Amino acid sequence: MDYEKVLKLIYPEPGQSIFTDTQLKQIYELIKYYDYYENNVFKYIEAEYPEYRKTNERSPAQIPINYSQYVVDKLAEWQFEKPIDISVTTENKADDKKADEVEKDLYKLHKKNKMDLKLLQAAKECNISGGVAIKMIYDPELKMVRFLPRPRIECFPVTEFDDYEKINKVHFVAFKSEDIVWKQTFEMKDGKCLFSEATYNVKNNLELEEWIQKPTFLGSGNKYIDFMPVYIIPNTPGVGMIWGYSELANLIPIINELNKKYSDASDALRFEMFAITIIMNMKDFSTTGRPKTKPGAVWRLMSAGTGDAKTDIKKLESSFAYRETLKDHIESLKNTMFELSSVIQINPETVSRLGSMSGVALKLMYASMISKTNIKNVIWKPILEQMYYESLKMRGVYEAYSFPEVNIEIINHLPIPLNEKEEVEIATMKLAAGLSSTRAAMDSLGIQDPEAMMAEILEEENSREESYK
């Protein structure tokens, strides 16, 4: 794909061409990260180490172990494996009832948008590429607000020169075909959001192919959107960064080395199982016929030479004791990879200890992963809270939806492994001592609907009492 022309389409303004080389380099880095997530890795290994390239003369083993996908998915699952909760409150007591209705409306919107799945997908994209964009649009056919996560490689924000937090314009660009590029633009102008969408011909000097939507202010009637409905979520960014770092950036060299060593081990096993045979001083098999190689076959060896030339058959077998060294090397690389990614490595020894571990010990074992997930949520929470709040404003424009001044809080739940027996014992002791309510105890044990559970328990108790009368 001709990404250089795409960048000229995105940054046509004079003075911005200086960013082209940097942007182009970033695009190819993103393509590399996507390749690693999809386990298409050996083309990069072959480019650096030609001995792993398959040719007509040799066919080295290529065994790609998809650690990239494992790390990315595990980090995303820790963020959004458990669905988020939405809390809506208001400082005006008179609006409490309306705030409760708004909360229910947001849960309905969340469910209609299948946000549990979309947040998980968005977190994976964020971990792969270093960021994700979420568009918010109003669908007139479905008559609802929709949230659309988009990959970073399609999203190009334009900021103030000295204020990277002030995004004035966001382009979404993708190839519809090898010749046609699609571009969608959101831009803040005069306090309103200007929207346009069109396709361009790459081979014809980026000539406008078709207007899908000419520049128009987003809104309905005399009401307009006064915010940009695009939300950029970076992955642990540094100062001055719009996007963040890919989780794979530091892991790729280790993943390459692991893939190489697994492939080397496979080749070593193959050559030791089927060692090269050397036949010395024998007549050419082309005249005597190929020897039978079935088990128990008997060969009659005839010397091809004269004098003292002796017929012999040998196997080339390695005497290099590499197995323990290779095993230690692979284990060391895996430990380093899991340490850098903060993903806990579960092995048979860990599993055998889990049964006797206390809840505190389990939390300590997962401390690094818990900390990393909490840091990610520091970035995600305020952006999601803003997005859900502005979804109410968008409904106000398109549906005449009214709501009081409210505060929206997104609540994340970590899937921290606990010693369930220990948790139940602690909850029972607190209830007996009057230090906790039944509802609070059920909440801490992860029961989603304490009221329904308590009603079910009371009903069962009543049924038992009736049976004893």
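What comes next concerns the included structure.

Quick notes on the rules
- Residues numbered from 1 in each chain as written.
- Predicted model: local features only at pLDDT ≥ 70, side-chain atom pairs only at ≥ 80, totals over all residues.
- Heavy atoms only, no water.
- Pairing = 2+ DSSP bridges.
- Helix = DSSP H or I, 4+ residues; strand = E, 2+ residues; numbered from the N terminus.
- Axes fitted to C-alpha atoms, helices over the stretch in contact; angles between N-to-C directions.
- Parallel < 35°, antiparallel > 145°, perpendicular 65-115°, else oblique.
- Left-handed = near helix turned anticlockwise from the far one by under 90°.
- Contact = heavy atoms within 4.5 Å.
- Nonpolar A, V, L, I, M, F, W, Y, C, P; charged D, E, K, R; others polar.
- Salt bridge = Lys/Arg side-chain N within 4 Å of Asp/Glu carboxyl O.
- Buried < 20%, exposed > 50% of the residue type's maximum accessible area, 1.4 Å probe, protein only.

**Side note on the sheet that holds strand E8 (residues 207–217)**
Step number 1: Read from one edge to the other, the open sheet built from 5 strands follows the order E4-E5-E6-E7-E8, with strand pairing classed as antiparallel. Taken across any chain shown, the strands that pair with only one partner, and hence form the sheet edges, are strand E4 (155–160) and E8. Across the sheet, the mean angle separating the axes of adjacent strands is 20° when strand polarity is ignored.

**Structural notes on the packing of helix H4 (residues 67–80) against helix H6 (residues 115–129)**
Think of two packed helices as two axes; the pair is described by the angle between the axes and how far apart they sit.
Step number 1: Between H4 and H6, the shortest axis-to-axis distance is 8 Å and the interhelical angle comes to 135°. Considered as vectors, H4 and H6 are oriented oblique to each other. By crossing handedness, the relation of H4 to H6 is classed as right-handed. Contacts between H4 and H6 pair Val 72, Asp 73, Leu 75, Ala 76, Glu 77, Gln 79 and Phe 80 from the former with Leu 119, Leu 120, Ala 123, Lys 124, Asn 127 and Ile 128 from the latter.
Step number 2: The residue inventory of the contact of H4 with H6, partitioned by class, reads 8 nonpolar, 2 polar and 3 charged.

**Quick notes on the packing of H4 against helix H9 (residues 323–341)**
Step number 1: One way to put it is that H4 packs onto H9 with a least axis distance of 11 Å and a crossing angle of 30°. In this view, H4 runs roughly parallel relative to H9, as classed from their interaxial angle. With respect to the hand of their crossing, H4 and H9 are arranged in right-handed fashion. On H9, the residues touching Tyr 67, Tyr 70, Val 71 and Leu 75 of H4 are Lys 334, Met 337, Phe 338 and Ser 341.
Step number 2: For the contact of H4 with H9, a count of residues per class yields 6 nonpolar, 1 polar and 1 charged.

**With respect to the pattern of salt bridges**
Pairing between side chains of opposite charge can happen when their charged atoms approach one another.
Step number 1: Going through the model one piece at a time under the given rule, you end up with 16 salt bridges.
Step number 2: With its nearest N and O atoms 2.8 Å apart, the salt bridge here joins Glu 247 to Lys 376. You can see Glu 247 sitting in the loop between strand E11 (230–234) and helix H7 (252–273) and its partner Lys 376 sitting in helix H12 (residues 367–398), a full 129 residues away along the chain. Considered together, Glu 247 and Lys 376 belong to a single accessibility category, that of buried residues.
Step number 3: For the salt bridge of Glu 399 with Arg 395, the shortest nitrogen-to-oxygen distance reads 3.0 Å.
Step number 4: Taking relative accessible area as the criterion, Glu 399 reaches 28% and is therefore assigned partly exposed.
Step number 5: Among the charged side chains, a network of salt bridges with common partners joins Glu 257, Lys 260, Lys 261 and Asp 264.

**Brief notes about the sheet that holds strand E2 (residues 131–139)**
Step number 1: The strand order across the open sheet built from 3 strands is E3-E2-E11, with neighbouring strands paired in antiparallel fashion. Taken across any chain shown, the strands that pair with only one partner, and hence form the sheet edges, are strand E3 (144–151) and E11. For this sheet, the mean angle separating the axes of adjacent strands, direction not counted, is 20°.
Step number 2: Summarising the sheet, E2 and E11 pair through 5 bridges and their orientation is antiparallel. Among the inter-strand pairings, Ala 133 is bridged to a residue of E11, identified as Ile 232.
Step number 3: Strands E2, E3 and E11 of the sheet are contacted by H6, whose axis makes an angle of about 25° with E3.

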